[in-house]
Structure formats: structure tokens, C-alpha cells
Amino acid sequence: MSNAVPPFIVAIPARYGSTRLPAKPLREIGGVPMVVRVAQRALQAGARQVVVAVDDQRIADVLAGQGVDICMTRSDHASGSDRLAECAALYGWAEDSIVVNLQGDEPFAPAAGIRAVAKALAGDNAPMATLATPIIDAEELFDPNVVKLVRGVNGRALYFSRAPLPWARDAFAVDRHALPSGSPFLRHIGIYAYRAGFLDRYTRLSRTPLEQTESLEQLRVLEHGHAIAVRLTPEPFPPGIDTESDLERAEQWLLTHR
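Presented here is a report on the structure given in the accompanying data block. (Residues numbered from 1 in each chain as written. Predicted model: local features only at pLDDT ≥ 70, side-chain atom pairs only at ≥ 80, totals over all residues. Heavy atoms only, no water.)

## As for the overall build of the protein
- For the protein, the helix and strand inventory stands at 10 helices and 11 strands.
- A compact globule built from 258 residues should have a C-alpha radius of gyration of about 18 Å, and the protein, at 18 Å, falls within 12% of that.
- Principal axes of the C-alpha set define a box for the protein whose edges measure 55 × 40 × 35 Å.
- Within the span of the protein, comprising 258 residues, buried residues form 52% of the whole.
- Sequence-distant contacts, at least 24 apart, represent 68% of the contacts inside the protein between residues at least 6 apart.
- Carbon together with sulfur atoms contributes 50% to the accessible area of the protein, which is approximately 12,200 Å² in total.
- Here the protein holds 27 positive side-chain charges and 30 negative ones, and the gap between their average locations is 4 Å. (Helix = DSSP H or I, 4+ residues; strand = E, 2+ residues; numbered from the N terminus. Rg over C-alpha atoms; globule rule 2.2 N^0.38 Å. Buried < 20%, exposed > 50% of the residue type's maximum accessible area, 1.4 Å probe, protein only. Contact = heavy atoms within 4.5 Å. Areas by Shrake-Rupley, 256 points an atom, 1.4 Å probe, with all protein chains shown as cover. Lys, Arg positive; Asp, Glu negative; His and termini not counted. Charge placed at Lys NZ, Arg CZ, Asp CG, Glu CD.)

Right, here's the structure in full:
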């Protein structure tokens, strides 16, 4: 497979209302609104177009002059994917365009990781791609807030779960405080790439039992029989921002990574 990165679009869903962190896109990290930091990361990755899908004029205002497109979308979307599907329709992106969904609360997403998920989709005929990173300690594996995944030898996702996966039967029968070597424990990173034509089809898929049980939207894709390509991220993704304590941690992270 070529090492060239294909042309790609980055679309960033940025919703004003957040239960845990009100006005989240506008919250500042190091004096810069979070949504501006996310947009800057997308531009650094070399996207041919960066679109921020907003639902509030206040978010649009802070993005003025940042070199990105602003797409005003409805405020009643159930998910970021639905918001991006509206964008895809408004812009009329070609069916086979690669659209990277970069979450609006990922202000430190590495440019190399954004490029990697676009490349993962280009190198596979799956309609969707995502990234993962090895899990290195047992606490992470057993944490239900950490989404795990398993993939096949073809590099496609078999399943995503909040439960420990895969279950190392013999090793965990003896000790659950250490990870056995040689087992492919992977943590999911919540960045996705889609073919633009799949975005609309994806949002029309009915909700599924496993998706609702695990509260993981990507399971809807697998349950309906569609493939998700999975590749390892070339650089770590610092955790996203969901709470006030996450914001404080982000400020500290910035001090050591300027």
C-alpha cells in the first residue's frame, strides 16, 4: 500500500449544549477556545477542507478568520454523525470522498493520527475506519469507560466493548492484576473516517440491541453487516475533554507540551 496520504476532508461536530460541560466548544485551554484548537489540529493534518458543524452562532463567531468552513446545522441531531451527514448533504461531497470525523472535544489530537485514519480508509474498501492503540496495563483493560476492540487478521473490527476483550482465560484465572504478554489488547480511539456516501446511509440505520446494551454507536455499523477498518495510531491521542477536571488536566498537559 502506498505511503501517500489521500485527499481528505475533516468535519468537526461542535454542539453548544453539553450536560457535563456547558458551552464546551467555547471553553478555553491556554486562553484558546477548545473548538479553535481542534480546528487548528485538522488544518495541521493537511486536510483539503476543514468544516466545523455548529448549532450556535457563538461557536461560529470564535471560528471566524481561522481558515475553516462553518456549517450551521440543526440543533436537534442525536449524534455527531447525524450532524456531519447534514453537512455532507449541504456541501454535496462526492460519494467516495474521505471524511474524517474529528470530535470537537479533542483539542490535542495529533495531526499524524488524523492522517492515519484517512489513510486507513483509503487502503481498505470498508465504508468506515477508525484507530486503536495497545493497552498496557490491567486497570485500563478492566475500566468500563475505556472502550476495547478486537479485530481480525484482515485488520477489520470484530467487536467493540466496555468489557475486557479478549478474555485471557488461563492467565486471568491466576491473576487479573497483570496483562499476559502476547495478547492483542487494544483501546479504541474515537476518531472515524467515512466515505461521504456512507454517512447518510449510516444515519438511517436503525438502532441495534448491542449498540444500546453497550452504549456504543459504532456497534450499529457492525450489527447491520458493514465493515470497519482498524489501524494502530502512529502517535498517542491525549484524552478528550468531558468535565471540568478534564479541562484542568488539559491546562497541565499544555504546560509540558508547548
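After that view of the structure, there is still more to cover.
## Observations concerning the side chain of Glu211
- Mapping Glu211 onto the fold places it in helix α8 (residues 209-214).
- Sequence-distant contacts of Glu211, defined by excluding residues within four places in its chain, comprise Leu216, Glu217, Leu219, Arg220 and Glu223.

## Here's the deal with the packing of aromatic side chains
- Overall, the coordinates contain 9 aromatic pairs when judged by the stated rule.
- Ring geometry for Tyr91 versus Trp93: centroids 5.5 Å apart, planes at 10°, classification stacked.
- By the ring-pair criterion, three or more aromatic residues cluster together here, those being Phe142, Trp167, Phe172 and Phe185.
- Above the ring of Tyr16, the side-chain terminus of Arg58 is found at 4.0 Å from the ring centroid. (Phe/Tyr/Trp six-rings, centres within 6.5 Å; stacked < 30°, edge-to-face > 60°. Lys NZ or Arg CZ within 6 Å of the ring centre and 35° of its normal.)

## A look at the packing of helix α3 (residues 80-91) against helix α7 (residues 196-204)
- Interaxial distance between α3 and α7 falls to 9 Å at its minimum, and their mutual angle equals 135°. For the element pair α3 / α7, the angle class is oblique. Handedness of the α3/α7 crossing: left-handed. In this structure, α3 contributes Ser81, Asp82, Leu84, Ala85 and Ala88 to the contact, and α7 contributes Leu199, Asp200, Tyr202 and Thr203.
- Of the residues in the contact of α3 with α7, the class split is 5 nonpolar, 2 polar and 2 charged. (Axes fitted to C-alpha atoms, helices over the stretch in contact; angles between N-to-C directions. Parallel < 35°, antiparallel > 145°, perpendicular 65-115°, else oblique. Left-handed = near helix turned anticlockwise from the far one by under 90°. Nonpolar A, V, L, I, M, F, W, Y, C, P; charged D, E, K, R; others polar.)

## Observations regarding the packing of helix α1 (residues 34-44) against helix α4 (residues 111-122)
- Where α1 contacts α4, the axes come no closer than 8 Å and their chain directions differ by 60°. Of the two possible hands of crossing, α1 and α4 adopt the one that is right-handed. Mapping the contact onto sequence places Arg41, Ala42 and Gln44 in α1 and Ala111, Ile114 and Arg115 in α4.
- Its residues placed into classes, the contact of α1 with α4 shows 3 nonpolar, 1 polar and 2 charged.

## Section: the pattern of salt bridges
- A full pass over the atoms with the stated rule returns 14 salt bridges.
- In this structure, the salt-bridge partner of Arg187 is Glu140, at a minimum N-O distance of 3.1 Å. One end of the pair, Arg187, is in strand β10 (residues 186-195); the other, Glu140, is in helix α5 (residues 138-141), and 47 residues separate them in sequence.
- Residue Asp170 pairs with Arg169 through a salt bridge whose shortest N-O separation is 2.9 Å.
- Taking relative accessible area as the criterion, Asp170 reaches 53% and is therefore assigned exposed.
- Taken together, the shared-partner salt bridges in this structure form one network comprising Lys24, Asp105 and Asp242. (Salt bridge = Lys/Arg side-chain N within 4 Å of Asp/Glu carboxyl O.)

## So, the pairing of strand β1 (residues 9-14)
- A large share of β1 lies buried, amounting to 6 of its 6 residues.
- A two-sided burial pattern is seen for β1, the buried positions comprising Ile9, Ala11 and Pro13 on one face and Val10, Ile12 and Ala14 on the other.
- Of the pairings in the sheet, the one linking β1 to strand β4 (residues 49-54) comprises 6 bridges and is parallel in character. The residue of β4 that forms the bridge with Pro13 is Ala53. (Pairing = 2+ DSSP bridges.)

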